[in-house]
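For reference, the chains in residue letters:
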Amino acid sequence: MQTRSLAAALAIAALTVGIAVPAAAQETEPTPRTPWGAPDLQGVWDFRTITPMERPEEFGDRAFLTDEESAHLEQGVLERNARLDAPSEIRTELLPVGGNVGAYNNFWMDRGTRVVDTRRTSLIVDPPNGRIPPLTPEGQQRKDATAAARQRPARGPEDRSMGERCLLGFNGGPPLEPRAYNNHAQIFQTPDHVVILNEMVNDSRVVPLDGRPHLDDGIRQWRGDPRGRWEGDTLVVETTNFYLQTAFSERQGSTPAMHLVERFTRRSDDVLLYEATMTDPATWTSPWTFEVPMVRSDEPVFEYACHEGNYGMDGIMAGARADEAEAAASR
């Protein structure tokens, strides 16, 4: 009775002020099951969204958008895409040698056009202010050092990002994080394993469900060492043993000691709720959590052939060596 009364009160409040009811307060459909009885998470899931990771300051302490605000944001994205996709915006002139060639044009971007169905003002749900917690002094120092390295010519491949070097997909982390394009993940299941295939760079994480312990602390992996378990109908994946930076923590400055907990909960036939909690006392002053309601997609996951690390890096390094040789000759 108390649960039904709370849900009714939330629904009335949402209708009164035009704010969507959070997914957790909505009635959910029966959870689909695999032949062996586990919740069925399989399929291709789309995590595109225009909802930002952090809450914009103008929303203050407000956690949810109104209907009007959601519609305004989505219409703004459609208008922006139409403007950027117009023939007049396509550059045809030759670019200066050695100049800034810019990024891909809008044709290649696929950030989505919708806010998340919960209509939150941010993907971050904890802390309540919807913002990433402050960095520790150590974390800020690492982030500043990375930013400084990006401002000078690369001296070696380590000065460039993992995504640029085609080592990791820049939205696959882990954790999964909506970014510029290729925001799809496909999940496969067996009774004792789950595989999470990220479309970006075709990253695959194989998650054992058999209770085995994590690897020894001296063994590190690019995507960490995941271990999964079921908590009711929620798949919980804990990942430790990261090697250097993941594509996610490279931007945030977190350390290989980051502890990641991901939760996958089938809310309905078409929605898989994804939650991720990051803990790293050497980086952030407190743990923090974001969530993305991923939507079922009928589209296949395509192969992503990453070539920047094959061709671009060769040119960058050749230029760096040429600059060094010229400086040595002048001395």
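Residues numbered from 1 in each chain as written. Predicted model: local features only at pLDDT ≥ 70, side-chain atom pairs only at ≥ 80, totals over all residues. Heavy atoms only, no water.

**Quick notes on the packing of aromatic side chains**
Put simply, the rule is: Under the pairing criterion, centres of Phe, Tyr and Trp rings, with the six-membered ring standing for Trp, must be within 6.5 Å; the plane angle then separates stacked pairs below 30 degrees from edge-to-face pairs above 60, leaving the rest tilted. A helix here means a DSSP run of H or I that spans at least four residues, while a strand means a run of E at least two residues long, and both kinds are numbered starting from the N terminus. Relative accessible area decides the class of each residue, using a 1.4 Å probe on protein chains only: under 20% of the type maximum gives buried, over 50% gives exposed, and in between gives partly exposed.
Enumeration according to the criterion identifies seven aromatic pairs in this entry. Aromatic pair tryptophan 222 and tyrosine 243: ring centres 4.7 Å apart, planes at 85°, arrangement edge-to-face. With tryptophan 222 in the loop between strand E5 (203–208) and strand E6 (225–231) and tyrosine 243 in the loop between strand E7 (234–240) and helix H4 (247–252), this pair connects stretches of sequence that are 21 residues apart. The partly exposed category is assigned to tyrosine 243, whose relative accessible area is 36%. Each ring, one from tryptophan 284 and one from tryptophan 288, has its centre 5.6 Å from the other, and the planes form 80°; the classification is edge-to-face. Taking relative accessible area as the criterion, tryptophan 284 reaches 2% and is therefore assigned buried. Here a set of aromatic residues connected by ring pairs shows up, and it is made of Phe264, Tyr274, Trp284, Trp288 and Phe290.

**Considering unusual backbone geometry**
The general pattern is negative phi for most residues beyond glycine and trans for most peptide bonds. A cis amide bond links aspartate 126 to the next residue, proline 127, at an omega of 10°. Relative to the assigned elements, proline 127 resides in the loop between strand E2 (124–126) and helix H3 (137–150). Of note, the bond from proline 174 into proline 175 is cis; its omega dihedral lies within 30 degrees of zero at 15°. Residue position: proline 175 is located in the loop between H3 and strand E3 (184–190). Not every positive phi belongs to a glycine, and asparagine 241 is a case in point at roughly 60°.

**A closer look at the nonpolar core**
Formally: Nonpolar core, defined: a set of buried Ala, Val, Leu, Ile, Met, Phe, Trp, Tyr and Cys residues in which side-chain atoms within 4.5 Å join the residues together. It only takes one pair of heavy atoms within 4.5 Å for two residues to be counted as in contact.
Counting residues in hydrophobic clusters, the biggest one holds 31 residues, and the most contacted among them are Phe264, Met278, Trp288, Phe290 and Met294. Residue assignment for this core shows that the elements contributing at least two residues are E3, strand E4 (193–198), E7, strand E8 (259–266), strand E9 (271–279) and strand E10 (288–297). Apart from residues lying up to four places away in sequence, methionine 278 is in contact with Pro175, Phe248, Met258, His259, Leu260, Trp284, Pro287, Trp288 and Phe290.

**Looking at a negative patch on the surface**
The condition is simple: Patch membership is restricted to residues that have no salt bridge and whose relative accessible area is over 30%. Joining uses 9 Å for like charges and 5 Å for the nonpolar side chains Val, Leu, Ile, Met, Phe, Trp and Tyr. Only the protein chains shown count as cover for residues, and the accessible areas themselves come from Shrake-Rupley with a 1.4 Å probe. We define a salt bridge as a contact between a side-chain nitrogen of Lys or Arg and a carboxyl oxygen of Asp or Glu at a distance within 4 Å. When charges are counted, neither His nor the chain ends are considered; positive counts come from Lys and Arg and negative counts from Asp and Glu. In this description, the location of a charge corresponds to atom NZ of lysine, CZ of arginine, CG of aspartate or CD of glutamate.
Taken together, the side chains of Glu29, Asp269, Asp270, Asp298 and Glu299 make up a negatively charged region of the molecular surface. Structurally, aspartate 270 can be placed in the loop between E8 and E9.

**A few points about the confidence of the model for the chain**
To be explicit about the condition: For every residue, the pLDDT score states the predictor's confidence, bounded by 0 at the bottom and 100 at the top.
In the predicted model, the chain carries a mean pLDDT of 86, and 88% of its residues have values of at least 70. Residue range residues 1–25 is modelled with pLDDT below 50. Its contacts to residues more than four positions away, or to other chains, number 24 contacts.

**Quick notes on the side chain of threonine 136**
Defined as follows: By the criterion applied in these results, polar contacts are pairs of N or O atoms within 3.5 Å in which, for protein atoms, one can donate a hydrogen and the other can accept it, and in which residues neighboring in sequence qualify only through two side-chain atoms.
Turning to its location among the elements, threonine 136 is positioned in the loop between E2 and H3. A distance of 3.0 Å separates a polar atom in the side chain of threonine 136 from the backbone oxygen of alanine 282.

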